[in-house]
Amino acid sequence: MTTTAALSLPAPHADATVLDNAAWHSLAGPHARFAIGGDLVKRYPEDVAPFVAVRTWDDPDAWDALRELVGPGADVGLSGYEGSVPAGWEWVGGGEGVQLVETDALRTRPDDEAIELGADDAAEMIDIVARNQPGPFRPRTYELGRYIGIRRQGRLVAMAGERLHPTGWTEISAVAVDADHRRQGLASRLVLDVAFHIQQRGDRAMMHAAATNTGAIAAYERLGFALRRRNRFAAVRTPA
């Protein structure tokens, strides 16, 4: 069951309701340049991000529009959908997730050691994500926002950046630290740096995590993030 907690957020202009359908409000808003699809279903290019967004499941044409966009026999990730699927569709998998948002307790700051990452660093970014599995990362994911990292002896050992961007909010994502550099505070430092620059633009920071990743959730809560909602992540396969 999806629940929403009442929080005292420091920016009244940041409408939190867009976070109930963050991918849609990203593709219909600040990330419109990436959007593929129509006025009911949109998606990112496959080499940018795997997310497919539906404006509303109340529209009876949503499932047909989804199949038309992604094609037959395709696996599609759905966030927040908790109903049944039509005949011919197949559940592939799923899990529970949490959405966290910044509160007044978050004390952001830039990090002197963090460097900005871009196209020249894409291969290394994919490698560190593959080693640490913080979530999906594609060859052009770095185009979604500002990504930063920390190098030690020339090697990228820690990374974080910006992903979904619903109006007034920016998601912090791809938080990855190599095993031999953990417990040094690198993840916290990068999250606070990313959040600092998000706030400098006038946005608020938010994050997503698997509900089973209790260690990371606790760390983010210590930094000043708080649970806003729990939601279901599901993968379905379109009819062949």
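Note that the coordinates shown come from a computational prediction; the quantities given were computed from them, not determined experimentally.

Cut-offs applied
Residues numbered from 1 in each chain as written. Predicted model: local features only at pLDDT ≥ 70, side-chain atom pairs only at ≥ 80, totals over all residues. Heavy atoms only, no water. Core = buried A, V, L, I, M, F, W, Y, C linked by side-chain atoms within 4.5 Å. Buried < 20%, exposed > 50% of the residue type's maximum accessible area, 1.4 Å probe, protein only. Helix = DSSP H or I, 4+ residues; strand = E, 2+ residues; numbered from the N terminus. Contact = heavy atoms within 4.5 Å. Pairing = 2+ DSSP bridges. Axes fitted to C-alpha atoms, helices over the stretch in contact; angles between N-to-C directions. pLDDT = per-residue confidence, 0-100.

**Here we look at the nonpolar core**
Moving on, step 1. Formed by 27 residues in total, the largest nonpolar core has its most connected members in Ile 172, Val 191, Met 207, Tyr 220 and Phe 225.
Moving on, step 2. Contributions of two or more residues to this core are made by strand E5 (90-102), strand E7 (147-152), strand E8 (155-162), strand E9 (169-177), helix H4 (186-200), strand E10 (204-210) and helix H5 (214-223).
Moving on, step 3. Those residues within four positions of Val 191 in sequence are excluded, and the remaining contacts are Ile 172, Val 175, Met 207, Tyr 220, Leu 223 and Phe 225.
Moving on, step 4. Listed in part, the 17 residues of the second largest apolar core include Val 18, Leu 19, Ala 49 and Trp 169.

**Some remarks on the sheet that holds strand E3 (residues 52-54)**
Moving on, step 1. Strand order in the open sheet made by the three strands is E1-E2-E3, with antiparallel pairing throughout. Bordering the open sheet on either side are strand E1 (36-37) and E3, each of which pairs with just one other strand.
Moving on, step 2. As paired elements, E1 and strand E2 (residues 41-43) share two bridges and run antiparallel to each other. From the neighbouring strand, Ile 36 faces E2, where its bridge partner is Arg 43.
Moving on, step 3. Where helix H2 (residues 62-70) meets the sheet, it contacts E1, E2 and E3, and its direction lies at approximately 30° from that of E2.

**A word on the confidence of the model for the chain**
Reading predicted coordinates in detail is not appropriate for stretches of low pLDDT.
Moving on, step 1. Chain-level statistics for the chain give a pLDDT mean of 93 and a share of 95% at 70 or above.
Moving on, step 2. The low-confidence segment residues 1-12 (pLDDT under 50) makes 27 contacts with residues lying over four places distant or belonging to another chain.

**Concerning the pairing of strand E11 (residues 225-237)**
Moving on, step 1. The pairing of strand E4 (residues 75-79) with E11 spans five bridges and is antiparallel. By the bridge assignment for E11, Leu 78 is matched with Ala 234.
Moving on, step 2. In the sheet, E5 pairs with E11 via 12 bridges, with the strands oriented antiparallel. The residue of E11 that forms the bridge with Glu 96 is Arg 232.

**Quick notes on the sheet that holds E11**
Within a sheet, neighbouring strands are paired by backbone hydrogen bonds and run either parallel or antiparallel to one another.
Moving on, step 1. Read from one edge to the other, the open sheet built from eight strands follows the order E4-E11-E5-E10-E9-E8-E7-E6, with strand pairing classed as mixed. A single partner strand is all that each edge strand has here, and the edge strands are E4 and strand E6 (115-117). Between one strand axis and the next, the sheet turns by 30° as a mean value, whatever way the strands run.
Moving on, step 2. As defined by bridge partners, E6 adjoins E7 across three bridges and the pair is classed as antiparallel. Note on E7: the bridge partner recorded for Leu 117 is Tyr 147.

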